[in-house]
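Structural characterization, general
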Amino acid sequence: MTDPNAIKNNPFKELGEIPSLKYNGEYTVENLQVEVRDGTKIAITVCLPKDLKSNEKLPTVLIQTRYWRAMELRIPFRWIFDEAVSMTPNPDIITSRGYAFIITDVRGTGASFGTRLYPFSEEEVKDGYDIVEWIISQPWSNGKIVSKGISYTGTTAELFAANKHPAIKAVMPGHGFWDPYTDVAFPGGVYDHAFMELWSFLGKNLDLNNPKVFRQIMPEAWVFVRGVKPINSDVDLKLLERAKELHSKNEYVFDNTQDKSFRDELLPDGTGIDDISVFRRKIRIEESKIPMLIWCSWYDSGYCDAAIHKFLNLNNSMIVILGDWNHGASLPANQFHPERLAVTPTPRERIHAWMNFFDKCVFANGIKNKILYYYTMVEEAWKKTTKWPPEGSEFKRLYFNENFELTFSPPTNEQGIDEYKVNYRASSGRNNRWYALLGLPIIYQDREKEDKRLLCYISSPFNEDREITGQVIVNLFVSSTHSDGALFVYLEDVDEEGRVTYITDGEFRLIHRKVSDTPLYKILIPYHSYKKEDMLPLIPGEINEIKFALHVTSVLIKKGHRLKVAIAGCDKDTFNRYPSEGRPVINLARNEQNASYIELPIIKRRNE
Amino acid sequence: MMEEILPTLKEKIQEKIHIKEDESNLSLTITISGTLFGKIAYLGEIETMLVMFGGLNRDFPKHVSVNEEAQTIEIRVENQADYLLLQTAFKKIWDNAIFMFSEILKGNFDVIKDIPEIDD
């Protein structure tokens, strides 16, 4: 959670105070179906201010979700609350700000018809265009629409812009991917089987309207929720049954990716993983000229890197915000402040800030240019920049050296090598940045115990405060007894008492080590294609240079603290094991000829 | 933001849900006042509610009649012993529902561990 006293450059403050509310927050709820261009019926929930007068017209906030647009509550809760009470955000905030609030089940999910082979298909994106046409034809619509969301709904909001409909005035994708291969499914080419399997399990059960799944993964929802909300006219639930029949033909990402390794391996119907990315729709998003508010967290999977890639690659005017909360900002996640129990700003305050952004785009002149706000942990301060990396950024190398030390000067010995037999019990736990995609809290705890299984190096105490902002580059010279393998590198802060705190980490599968000079998009780190044609198995016993980056972060290393790098060969609770059999011995070279190092993106202080 | 509804849950239950007991008839009638947000009860939902929140762990014959227009549900049983079970369940059902929900929001999932499988 960000420090509530961090006022300077605070994006939530800069977006403005909460204005006087236009309506009293009470709303009407209607559930209906809209038929899109190919006859598929999309279920939508429409919330309007209860005190809306007949001649008044409103802009609309649209969310398109695969997680049940509205829930049928169990009795007795249904006797008291309407289905919108389970929505996030609650419609009372949005309607009180003078917007209609519409949420849809994307095709193949919830109470919508259709079948889906994979998420974020072109058909799903185009449905957004048809929904816009329906909205602007309604008597209460002023013809202007904005879209927002977190995670899946963040990406649907972003891809909504690719429709280039003139009615769309702004989008607010929160915590979404840019490149699904590297940001979530195969970070560093390593398969995140835990999330992919759990997410597919959740999706399948939601699509079959099976609330049983909640009992295991979200008990509070299980107590409260009976299933997806049918549309109002579906009194005998026949439409819901029909939807469920169609969904039984859905396919799920885990089934279609668990046996894959490469970016160019195909999904059903010949689609590639890049085809469902945001970067593949870059040109259309840019042509829309729709302003964007993109927000995320340092601790969110690979989505933190996605926020940076959007800032670098899209020419839309935008605000980007990177904080220290969990996926979706429902919980604090700053590992340096585990005592903080509530997130700042509160969800309600945050939604009002987002509505202020929408007001600028709907009722005023929008936003100009690009600005990125980022929160530096330990310093507990917000900063803002119009370029990335920020002004004053320079790389400083820390070399792996004798006695498991990290030094700013390179090694001078001729033979230095450290051996590490991969420990396949190594784990970053089930509350890491990847499980966080399911909304779980992020807790890395004191890493000292886990580091005992790893190959670790530590620096001397820093002689002054140093800000690290950006992506740490890892450059290792390694050999292995096996032709395949993976490295997991953790960057940690060690305080004067020896407490080890997780900062960030990165993972990389060694067969992808070929560095390419033709990236798919602008990128500031060593680029790997992850294509089959570029696969380079290791030759056992031969030293190879391995370069990759850790996930982006911003942290202040205090004077007297040390930096630690801990290297693993697996993360058993999250990622696939490589190789699938055997136990490699890795030799890390740290000598004059093969000097392994990390490069820290240090921000120079003003007087340097 | 489900936490936000907790403080008003008990008050709303008392406002909207009224129970009338008729021992001579071995029946109990629930009336929901005000606006109803969807169907009053689907087939099997009353039984599910009684198991989840009323703590009923014994199945016994009951006849459930739902009147959507009048917003009433009548539950009739066949004997005095079953009537007492039903009455007892309804005495604690709302407090149990609130307690269970609030405990789960705090992260205490033990409160549901003894509930049998109730979903289709």
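Use the structure listed above.
Being a predicted model, the structure only gives us computed values, none of them experimental.

A count of helices and strands for chain A gives 14 helices and 25 strands. Against the compact-globule benchmark of 25 Å for 608 residues, chain A has a radius of gyration of 25 Å, which places it among compact chains. Its C-alpha atoms give chain A principal-axis dimensions of roughly 80 × 55 × 45 Å. Each of the 608 residues in chain A was classed as buried or not, and the buried ones make up 66%. Excluding contacts between residues fewer than 6 apart, the proportion of contacts in chain A whose partners are at least 24 apart in sequence is 80%. Surface exposure of chain A reaches about 22,100 Å², of which carbon and sulfur atoms provide 49%. Charged side chains of chain A number 76 positive and 82 negative; the gap between the two group centres comes to 3 Å.

A cluster of acidic residues, A:Glu197, A:Glu251, A:Asp255 and A:Asp269, forms a negative patch at the surface. With respect to the helices and strands, A:Glu251 occurs in the loop between α9 (238-247) and α10 (253-257).

Mapped onto the elements of the fold, A:Glu72 is located in strand β4 (residues 71-73). Using a relative accessible area of 2% as the deciding quantity, one classes A:Glu72 as buried. Excluding its chain neighbours within four sequence positions, the residues that come into contact with A:Glu72 are A:Arg78, A:Val225, A:Arg226, A:Gly227, A:Val228, A:Lys229, A:Pro230 and B:Tyr42.

With respect to the secondary-structure elements, A:Arg215 resides in helix α7 (residues 212-217). The buried category is assigned to A:Arg215, whose relative accessible area is 17%. Those residues within four positions of A:Arg215 in sequence are excluded, and the remaining contacts are A:Trp222, B:Ile112, B:Lys113, B:Ile115, B:Pro116 and B:Glu117. At 2.9 Å, the side chain of A:Arg215 and the backbone oxygen of B:Ile112 are in polar contact. A polar contact of 2.5 Å, which involves the side chain of A:Arg215, links it to the backbone oxygen of B:Ile115.

Another point: helix α13 (residues 347-363) of chain A. Residues and elements named next belong to chain A. Over its 17 residues, α13 extends 24 Å from the first C-alpha to the last, a length consistent with the 24 Å expected when each residue adds 1.5 Å. The buried fraction of α13 amounts to 12 of the 17 residues, a majority that puts the element mostly inside the structure. The complete set of buried residues in α13 reads Arg 350, Ile 351, His 352, Ala 353, Trp 354, Met 355, Asn 356, Phe 357, Phe 358, Asp 359, Cys 361 and Val 362.

Before going further, it helps to spend a moment on the sheet that holds strand β1 (residues 27-35) of chain A. Residues and elements named next belong to chain A. The 10 strands are arranged β1-β2-β5-β3-β6-β7-β9-β10-β11-β12 in an open sheet whose pairing can be described as mixed. Strand pairing shows two members of the sheet lacking a second neighbour, β1 and β12 (381-385), which therefore form its edges. Here the average twist between neighbouring strands, direction ignored, is 20°. By the bridge criterion, 5 bridges tie strand β11 (residues 370-376) to β12 in an arrangement that is antiparallel. Directly across from Tyr 374, in β12, lies its bridge partner Lys 383. Sheet contacts for helix α4 (residues 152-160): β3 (58-65), β6 (141-150), β7 (168-174) and β9 (292-297); angle to β6, the most-contacted strand, approximately 140°.

What follows is about the pattern of salt bridges. This model, assessed by the stated rule, comprises 49 salt bridges over all chains. Taking the shortest distance from any N to any O, the salt bridge between A:Arg97 and A:Asp359 comes out at 2.8 Å. Here A:Arg97, found in the loop between α2 (91-96) and β5 (100-105), pairs with A:Asp359, found in helix α13; they are 262 residues apart in sequence, far enough to count as distant. We classify A:Arg97 as buried; its relative accessible area is 2%. With a closest N to O distance of 3.3 Å, B:Glu74 and B:Arg76 form a salt bridge. What makes B:Glu74 partly exposed here is its relative accessible area of 22%. What emerges from the salt-bridge pattern is a single network uniting A:Arg37, A:Asp38, A:Arg107, A:Glu123, A:Asp127 and A:Asp130.

As a further point, take the interface of chain B and chain A. Across the contact, 41 residues belong to chain B and 34 residues belong to chain A. Summed over both partners, the interface of chain B with chain A comes to about 3,200 Å²; 70% of that surface belongs to carbon and sulfur atoms. Our count for the contact surface shared by chain B and chain A stands at 2 salt bridges. In this structure, the salt-bridge partner of B:Glu45 is A:Arg226, at a minimum N-O distance of 3.4 Å. Taken together, chain B and chain A are joined by 9 residue pairs in polar contact (both at pLDDT 80 or more). Listed by contribution, the elements that provide at least two residues to the side of chain B that touches chain A are α1 (6-16), β2 (27-32), α2 (45-52) and α3 (80-105) of chain B. If you tally residues by element for the side of chain B that touches chain A, the top one is α3(B), at 6 residues. For the side of chain B that touches chain A, the per-class residue count stands at 29 nonpolar, 3 polar and 9 charged.

What follows concerns the nonpolar core. Core analysis: the largest hydrophobic core is formed by 168 residues, its most contacted members being A:Ile321 and A:Ile567. Tallying contributions element by element places α13(A) first for this core, with 8 residues. Judged by nonpolar contacts, the second largest core, of 60 residues, contains A:Val223, B:Leu9, B:Leu36 and B:Ala97.

Right, let's talk about the packing of helix α3 (residues 122-136) of chain A against α4(A) for a bit. Residue and element names in this part refer to chain A. Across the interface, α3 lies against α4 with an axial gap of 9 Å and an inter-helix angle of 70°. One way to sum up the angle between α3 and α4 is to call them roughly perpendicular. Crossing handedness for the pair α3 and α4: right-handed. Contacts between α3 and α4 involve Glu 124, Val 125, Gly 128 and Val 132 from the former and Tyr 152, Thr 156, Leu 159 and Phe 160 from the latter.

Basis of the calculations
- Residues numbered from 1 in each chain as written.
- Chains lettered and ligands numbered in written order.
- Predicted model: local features only at pLDDT ≥ 70, side-chain atom pairs only at ≥ 80, totals over all residues.
- Heavy atoms only, no water.
- Helix = DSSP H or I, 4+ residues; strand = E, 2+ residues; numbered from the N terminus.
- Rg over C-alpha atoms; globule rule 2.2 N^0.38 Å.
- Buried < 20%, exposed > 50% of the residue type's maximum accessible area, 1.4 Å probe, protein only.
- Contact = heavy atoms within 4.5 Å.
- Areas by Shrake-Rupley, 256 points an atom, 1.4 Å probe, with all protein chains shown as cover.
- Lys, Arg positive; Asp, Glu negative; His and termini not counted.
- Charge placed at Lys NZ, Arg CZ, Asp CG, Glu CD.
- Patch = residues over 30% accessible without salt bridge, like charges linked within 9 Å, V, L, I, M, F, W, Y side chains within 5 Å.
- Salt bridge = Lys/Arg side-chain N within 4 Å of Asp/Glu carboxyl O.
- Polar contact = N/O pair within 3.5 Å; in protein donor to acceptor, adjacent residues only side chain to side chain.
- Expected span 1.5 Å × (residues − 1).
- Pairing = 2+ DSSP bridges.
- Axes fitted to C-alpha atoms, helices over the stretch in contact; angles between N-to-C directions.
- Buried area = accessible area lost by both parts, 1.4 Å probe.
- Nonpolar A, V, L, I, M, F, W, Y, C, P; charged D, E, K, R; others polar.
- Core = buried A, V, L, I, M, F, W, Y, C linked by side-chain atoms within 4.5 Å.
- Parallel < 35°, antiparallel > 145°, perpendicular 65-115°, else oblique.
- Left-handed = near helix turned anticlockwise from the far one by under 90°.

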